[in-house]
Number of protein chains: 2
Amino acid sequence: MKPYRELNREELLELKKELSERYREFQSKDLALDMSRGKPSAEQLDLSMGMMDVLSSDDDLTCEDGTDCRNYGVLDGIREVKELIGDMIEVPADNIIIYGNSSLNVMYDTISRSMTHGVMGNTPWCKLDKVKFLCPVPGYDRHFAITEYFGIEMINIPMTQDGPDMNMVEELVTNDASIKGIWCVPKYSNPTGNSYSDQTVRRLARLKPAAPDFRIYWDNAYGIHHLYDDEQDHVLEILAECKKAGNPDLVYKFSSTSKISFPGSGIAAIAASYNNLEDIKGQLKIQTIGHDKVNQLRHVRFFKDIHGMVEHMKKHADILRPKFEAVEDILERELGGLEIGSWTKPRGGYFISFDSMEGCAKEIVAKCKKAGVVMTGAGATYPYGKDPHDCNIRIAPSYPPLQDLITATELFALCVKIVSVNKLLGK
Amino acid sequence: MKPYRELNREELLELKKELSERYREFQSKDLALDMSRGKPSAEQLDLSMGMMDVLSSDDDLTCEDGTDCRNYGVLDGIREVKELIGDMIEVPADNIIIYGNSSLNVMYDTISRSMTHGVMGNTPWCKLDKVKFLCPVPGYDRHFAITEYFGIEMINIPMTQDGPDMNMVEELVTNDASIKGIWCVPKYSNPTGNSYSDQTVRRLARLKPAAPDFRIYWDNAYGIHHLYDDEQDHVLEILAECKKAGNPDLVYKFSSTSKISFPGSGIAAIAASYNNLEDIKGQLKIQTIGHDKVNQLRHVRFFKDIHGMVEHMKKHADILRPKFEAVEDILERELGGLEIGSWTKPRGGYFISFDSMEGCAKEIVAKCKKAGVVMTGAGATYPYGKDPHDCNIRIAPSYPPLQDLITATELFALCVKIVSVNKLLGK
C-alpha cells in the first residue's frame with residue numbers, strides 16, 4: 001500500500017467515502033465489545049478452577065511450620081508462599097512480605113506510608129513542599145492515579161526500546177532531591193510490551209539520587225507472562241543489581257498472582273532489602289494482624305512450586321497468543337505501509353501499544369466507541385490523562401473471545417484510517 | 001472469706017508463705033499457656049471447615065447479578081454479601097462497602113485517608129497542628145496503636161457500666177475542634193464485655209461536635225457474639241440513631257466475620273452514610289480494583305443468610321460459654337470476698353476485664369509469665385500502654401483448651417493474691 005500522505009486530495013476524498021461506508025456497516029452491527037482493560041478471559045480463569053478443590057474440609061490447613069492458617073497471625077506471610085513467590089520473582093524468600101489480593105493496594109499503601117511517616121526515617125512527604133515522581137510514558141494509568149491522588153508532581157520520561165530514557169532519569173534524580181520515585185513496569189511493560197535492557201536495569205541500580213528516600217517502584221506485573229515458550233524477554237533482577245551497586249535499599253519490587261490465578265482473589269507481595277522490610281513491617285503491624293493465610297496455602301497447594309506455576313502460565317499463553325497474533329495480523333494487513341500508525345509486537349504481557357499520527361488518538365477512540373467498541377481512553381497512558389501528542393492508544397486483546405477481538409480490531413483499524421484521512425484532509 | 005485488708009501483719013506473712021509454696025508448685029509444672037489474645041480456639045475454627053467445600057471446580061462462581069467473581073472488578077463488594085453483612089450489623093446493604101480480610105485494616109485506612117486527604121472535604125489532618133481522639137478506657141490496644149502511630153493525641157475517657165462517660169465526651173467534643181474521633185466497641189466491649197446503654201448511644205448520635213470532621217469510630221466487633229441464647233445484650237443501631245438525630249454523617253461502623261468464620265480469612269466491611277461512602281470510594285478506587293470476591297461468595301454460599309450465621313454463632317457460644325464460666329467460677333471461688341480485685345461477667349464477646357488493687361497489675365502479669373502463663377500486657381488496655389492506676393488486666397478465655405484455661409486461671413488468681421499481699425505488707 002501507498003502511504004496515505006502520498007495520496008492527493010481527490011484520492012483521499014474517494015478513500016474517505018469508501019471508509020465511511022464500511023464504518024456505517026460496522027455501526028449497523030450493534031457491537032458491544034471491550035478492548036479497554038487487561039482482564040483475563042473466562043477461558044483463562046477456567047484454568048485455575050482447580051484452586052477451588054485443593055482445600056477441603058478433610059484437609060489439614062496447617063502450614064509447614066505448624067501454624068494453623070485459619071487463625072490470626074503471621075504478619076508477613078507463610079514460609080512456603082514466600083518461597084513460591086520468591087521463585088516467581090527471582091528473589092530470596094527472606095526478602096518478601098506477602099500481602100492481600102492486590103499489588104496495586106500494596107503500591108498505594110507504600111506511597112501512603114511515605115506520605116505520613118516517610119521512608120526509613122526521612123521526613124514524611126506530607127511535610128515537604130514538593131514531591132515529584134518520574135513517570136516513563138506511555139505507562140500504567142493506575143500508577144499515575146496514585147501519585148496524582150497524593151498530589152505528587154509527575155514528570156514524563158520518554159520510553160525507548162530499552163526502557164525509560166536513562167540520560168534524563170540520571171540527570172533528574174541526581175540533581176533534584178524532591179524526586180522521590182520512578183514508576184517502572186520493567187518486563188512486557190504496560191502498555192508497550194517492551195522490556196528494560198540489561199544496561200537500563202544496571203543504570204537504574206547505580207543511580208545516585210539526591211534524595212535519600214528515592215525509591216524505584218518496580219512493578220513486576222508480567223514477570224512470567226510470556227506469550228512464547230522459545231522467545232522470552234529476560235530482565236535483570238533489580239534487587240540483586242542494586243545490592244551489587246551498593247544501593248541495596250533503592251528498590252521496592254511489587255508483584256502478584258493476579259493474572260496467574262484469579263485477578264480478584266490472588267496474592268500480592270513486596271520484595272525489598274532487609275532495611276526496607278523492617279521499615280514496612282513497623283507500619284504493617286499497626287495496619288493488620290495478617291493477610292489471608294488460607295488463600296496463601298491454597299495457592300501453594302495448587303501450584304506446588306515454581307515449575308507448576310510455569311507450566312500453568314503456558315496454558316495462559318496458549319489462550320493469549322492467538323489473540324495477540326490476530327491483532328497484529330489485522331493491523332499489519334490493514335495499516336501496513338500506510339504510515340498512519342505504528343504498534344508494538346510484544347512477546348508477553350497484556351498489551352499492544354499503538355501510536356497514531358499526532359493529534360488523532362482521542363478521535364480514533366471516540367469513533368470506535370460510537371460503533372460499539374470500547375478502547376482504553378486516549379491519554380490514559382500518560383500522567384494527568386494528557387498525552388502531549390495525542391497519539392498513544394493501549395490495546396488490550398486478552399478479554400474478548402477471539403472472534404469478537406477480530407471484529408473489534410478491524411473496526412479499530414478502520415477508525416484509524418478514517419481519522420487519519422480526515423487529518424490529512426486538514427479537517 | 002475475710003477481706004485481705006482486714007488481716008493483720010502476722011496473718012499476711014503466714015498467708016504469703018502459703019501462697020509462695022503454691023506458686024512454686026505451679027512453677028514446677030513448666031506451663032506454657034496463653035490467655036493474651038482474643039483468638040478463637042481450634043475447636044471453634046473447625047466449625048467453619050465447611051467453608052472449604054462450598055465452592056468447587058464444578059460450581060459456577062458467578063454472583064446473582066451475573067458478575068464473574070473470579071475476575072477483576074466490583075469495588076465495593078458483591079450484592080449478596082452486602083446483604084448478609086447488612087443483616088449482621090443491622091444496616092441496609094446500600095450503606096455498606098465490603099473490604100478484604102481485616103476490619104483493623106479498614107480502620108487504619110480510614111485514619112490514614114483522613115490524615116492525607118481529610119474527611120469529606122475538610123483539611124487533611126496532616127496539615128493540622130493537633131489532632132486528638134477520645135479513647136474510652138479500658139479499651140482495645142490495637143485501636144490505640146493506630147492513633148498513636150499517626151501522632152494523634154489520645155484522651156482517656158472512663159468507661160462506666162453504660163459505656164463511656166458521656167458528660168465528659170459531650171463537654172470535650174462540643175468545645176474542642178481538634179478532637180476528630182472517638183474509638184468505641186459498643187457491644188461486649190473489649191475488654192470490659194459491657195455494652196453501651198440506649199441512652200449512651202442516643203447521646204453519642206446527638207453530639208454537636210466543634211469539628212465538622214469528627215466521627216464516631218464504631219467497632220462493631222462482637223455484634224452477634226453472644227454467650228447465651230436467652231440473655232443477650234442489645235445495642236441501638238448507631239447509623240439509624242445518627243440519622244434520626246440529624247447527624248447522618250457522624251459515624252463509621254466497622255465490622256468483620258473474623259470471629260465468625262476464619263479470623264485471617266474472613267471479610268470486613270464499613271457501613272456509613274451515602275456522603276461518607278462516596279468520600280471513601282473516591283479514595284478506594286485509587287487504592288484497589290476490588291477485594292476478594294471469591295471469598296465473599298464463599299461466605300454467602302456457606303452461611304446462606306443471617307439465620308444461618310446466627311445458628312453458626314450458637315455453636316461458637318457452646319464452646320466459649322464453659323470457658324467464660326470456668327474463669328468466672330475460679331475467680332469467684334479464689335478471690336470472692338477478698339476485696340483485692342473485681343471482674344466483669346460479660347454475656348458475650350471475647351474478654352473478661354479484671355481490676356486489681358491499685359498498682360498491682362504489672363506485677364501480677366509478670367508473676368504469671370514467670371510461671372508460664374502469658375496474659376495481655378498490663379497497661380495494654382490504655383493509650384500509650386499507660387494504665388494510670390496500674391490495675392486493669394484483660395483476660396482472654398477463648399484460645400486455650402478448657403483444662404489449660406482452668407490451670408491458667410488458677411495461677412492467675414494465685415498471682416493476684418500474692419501481689420496483693422505484698423502490696424498490703426507495704427513491700
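Residues numbered from 1 in each chain as written. Chains lettered and ligands numbered in written order. Predicted model: local features only at pLDDT ≥ 70, side-chain atom pairs only at ≥ 80, totals over all residues.

## Regarding the overall build of chain A
- Each helix and strand in chain A was counted, giving 13 helices and 13 strands.
- Relative to a compact globule of 427 residues, whose C-alpha radius of gyration would be 22 Å, chain A shows 23 Å and is just as compact.
- If you line up chain A on its principal axes, its C-alpha atoms span 75 × 55 × 35 Å.
- Split into buried and exposed, the 427 residues of chain A put 53% on the buried side. (Helix = DSSP H or I, 4+ residues; strand = E, 2+ residues; numbered from the N terminus. Rg over C-alpha atoms; globule rule 2.2 N^0.38 Å. Buried ≥ 20, exposed ≤ 12 C-beta atoms within 10 Å, placed from the backbone.)

## Quick notes on the domain arrangement of chain A
Residues and elements named next belong to chain A.
- On domain assignment, one finds that chain A holds domain 1 (4-44 + 310-424) and domain 2 (65-304).
- One C-alpha centre belongs to domain 1, the other to domain 2; they are set 30 Å apart.
- Counting residues at the interface gives 26 residues for domain 1 and 29 residues for domain 2.
- Of the residues forming the side of domain 1 that touches domain 2, the biggest block, eight residues, is contributed by helix 11 (residues 306-335). (Domains from an automatic or database assignment. Contact = placed C-beta atoms within 7 Å.)

## Let's talk about the sheet that holds strand 4 (residues 153-160) of chain A
- What the eight strands build is an open sheet, ordered 2-9-8-7-6-3-4-5 (chain A); its pairing is mixed. In the strand order of this sheet, the two ends are held by strand 2 (96-98) and strand 5 (163-164) of chain A, each with one partner. (Pairing = 2+ DSSP bridges.)

## A word on the nonpolar core
- Core analysis: the biggest nonpolar cluster contains 256 residues, and Ala269 and Ile270 of chain A together with Ala269 and Ile270 of chain B have the highest contact counts within it.
- Residues contacting Ile270 of chain B, with those up to four places away along its chain left out, are Ile97, Tyr99, Val106, Tyr252, Lys253, Phe254 and Ile280 of chain B. (Core = buried A, V, L, I, M, F, W, Y, C linked by C-beta atoms within 7 Å.)

## A few points about the packing of helix 4 (residues 103-117) of chain A against helix 4 (residues 103-117) of chain B
- It is at 10 Å that the axes of helix 4 of chain A and helix 4 of chain B come closest, and there the two elements cross at 60°. One way to sum up the angle between helix 4 of chain A and helix 4 of chain B is to call them oblique. Considering how the two elements wind past one another, helix 4 of chain A and helix 4 of chain B form a crossing that is left-handed. Only Ser112, Met115 and Thr116 of chain B of helix 4 of chain B make contact with helix 4 of chain A, whose side of the interface consists of Ser112, Met115 and Thr116 of chain A.
- A per-class count over the contact of helix 4 of chain A with helix 4 of chain B returns two nonpolar, four polar and no charged. (Axes fitted to C-alpha atoms, helices over the stretch in contact; angles between N-to-C directions. Parallel < 35°, antiparallel > 145°, perpendicular 65-115°, else oblique. Left-handed = near helix turned anticlockwise from the far one by under 90°. Nonpolar A, V, L, I, M, F, W, Y, C, P; charged D, E, K, R; others polar.)

## What to know about the interface of chain A and chain B
- On the chain B side, the residues contacting the 44 residues of chain A number 44 residues.
- If you list the elements that add at least two residues to the side of chain A that touches chain B, you get helix 2 (42-46), helix 4, helix 5 (141-149), helix 9 (274-287) and helix 10 (293-303) of chain A.
- The element contributing the most residues to the side of chain A that touches chain B is helix 4 of chain A, with six residues.
- Residue composition of the side of chain A that touches chain B, by class: 20 nonpolar, 17 polar and seven charged.

## Topic: helix 7 (residues 198-205) of chain A
- All of the buried residues in helix 7 of chain A are Thr200, Val201, Arg203, Leu204 and Ala205 of chain A.
- For helix 7 of chain A, the elements touching its buried residues are strand 5, helix 6 (166-175), strand 7 (215-219) and helix 8 (238-244) of chain A.

## Describing the relation of the copies chain A and chain B
- For the pair chain A and chain B, the relating rotation is 180°, the translation along its axis is 0.0 Å, and the fit reaches an RMSD of 0.0 Å. Both copies of the chain, as the preceding transformation shows, are related through a two-fold rotation axis.
- Most of the interface of chain A is mirrored in chain B, where 100% of its interface residues are also at the interface. (Least-squares fit on C-alpha atoms with pLDDT ≥ 70 in both.)

## A look at the sheet that holds strand 10 (residues 341-343) of chain A
All names here are of chain A.
- Here we have three strands laid out as an open sheet, ordered 10-11-13, and antiparallel in their pairing. Two strands close off the open sheet at either side, each with one partner strand: strand 10 and strand 13 (392-395). The average undirected angle you get between the axes of adjacent strands in this sheet is 20°.
- The pairing of strand 11 (residues 352-356) with strand 13 spans four bridges and is antiparallel. For Phe354, the partnering residue across the bridge sits in strand 13 and is Ile393.
- Its contacts with the sheet put helix 12 (residues 361-370) on strand 11 and strand 13, and the angle it makes with strand 13 is roughly 40°.

## Here we look at the environment of Pro124 of chain A
Residues and elements named next belong to chain A.
- Structurally, the position occupied by Pro124 is in the loop between helix 4 and strand 3 (132-137).
- Residue Pro124 is classed as partly exposed on the basis of its 18 C-beta neighbours within 10 Å.
- Along the sequence, Pro124 and Arg113 sit 11 residues apart, while their C-alpha atoms lie 8.3 Å from each other.
- Sequence-distant contacts of Pro124, that is, excluding residues within four places in its chain, are made with Met115, Thr116, His117 and Gly118.

## A closer look at helix 11 (residues 306-335) of chain B
Residues and elements named next belong to chain B.
- Under the 1.5 Å per step criterion, the end-to-end length of helix 11 is 40 Å for 30 residues, consistent within 8% with the ideal 44 Å.
- The largest bend in helix 11 amounts to roughly 30° and is located at Leu320, with the proline Pro322 lying one to four residues further along.
- Turning to helix 11, its buried residues number three or more, namely Met309, Met313, His316, Leu320, Lys323, Phe324, Val327, Leu331 and Leu335. (Expected span 1.5 Å × (residues − 1). Bend = angle between axes of the 7 residues up to and from the residue.)

## Considerations on the pairing of strand 3 of chain A
All names here are of chain A.
- Taking burial as the measure, the six residues of strand 3 include five buried ones, the bulk of the element.
- When strand 3 meets strand 4, the two strands line up parallel, connected through six bridges. Residue Leu134 lies in a different strand from strand 4, and its bridge partner there is Ile155.
- A crossover links strand 3 with its parallel partner strand 4, the connecting element being helix 5, and its sense is right-handed.
- Direction of pairing for strand 3 relative to strand 6 (residues 179-184): parallel, over a ladder of three bridges. Residue Lys132 lies in a different strand from strand 6, and its bridge partner there is Ile179. (Right-handed = clockwise from strand over helix to strand, strands pointing away.)

## Details of the packing of helix 4 of chain B against helix 5 (residues 141-149) of chain B
Residue and element names in this part refer to chain B.
- Remark: helix 4 packs on helix 5, axes separated minimally by 10 Å, with the N-to-C direction vectors making an angle of 25°. Classified by the angle their axes make, helix 4 and helix 5 are roughly parallel. Regarding helix 4 and helix 5, the two cross each other, and that crossing is right-handed. In this structure, helix 4 contributes Leu104, Met107, Tyr108 and Ile111 to the contact, and helix 5 contributes Arg142, Ile146 and Thr147.
- Considered class by class, the residues forming the contact of helix 4 with helix 5 number five nonpolar, one polar and one charged.

## Some details on the environment of Asn194 of chain A
Residue and element names in this part refer to chain A.
- Counting through the fold element by element, Asn194 comes out in the loop between strand 6 and helix 7.
- You can call Asn194 buried: it has 23 C-beta atoms within 10 Å.
- Residues Asn194 and Asp58, spaced 136 residues apart in sequence, show a C-alpha to C-alpha distance of 46 Å.
- When sequence neighbours within four positions are dropped, the list of residues in contact with Asn194 reads Met159, Gln161, Ser189 and Thr344.

## Side note on the pairing of strand 7 of chain A
Residue and element names in this part refer to chain A.
- In terms of burial, strand 7 is a largely internal element, five of the five residues being buried.
- Covered by surrounding structure in strand 7 are Arg215, Tyr217 and Asp219 together with Ile216 and Trp218, the residues of both alternating faces.
- For the crossover from strand 6 across helix 7 to strand 7, the handedness is right-handed.
- Alignment of strand 7 against strand 8 (residues 251-256), held across four bridges, turns out to be parallel. By the bridge assignment, Ile216 is partnered in strand 8 with Val251.
- A crossover links strand 7 with its parallel partner strand 8, the connecting element being helix 8, and its sense is right-handed.

## Some details on unusual backbone geometry
- With omega at 5°, the peptide bond leading from Asn190 of chain A into Pro191 of chain A counts as cis.
- With respect to the secondary-structure elements, Pro191 of chain A resides in the loop between strand 6 and helix 7.
- Within the chain, Asp390 of chain A stands out as a residue other than glycine whose phi angle is a positive 45°.
- Within the secondary structure, Asp390 of chain A sits in the loop between strand 12 (373-375) and strand 13.
- Asp390 of chain A sits in the partly exposed class, given 19 other C-beta atoms within 10 Å.
- With a phi angle near 70°, Lys304 of chain B is a residue other than glycine that sits in the positive phi range.
- As for its position among the elements, Lys304 of chain B is in the loop between helix 10 (293-303) and helix 11.
- Given 14 C-beta atoms within a 10 Å radius, Lys304 of chain B is considered partly exposed.

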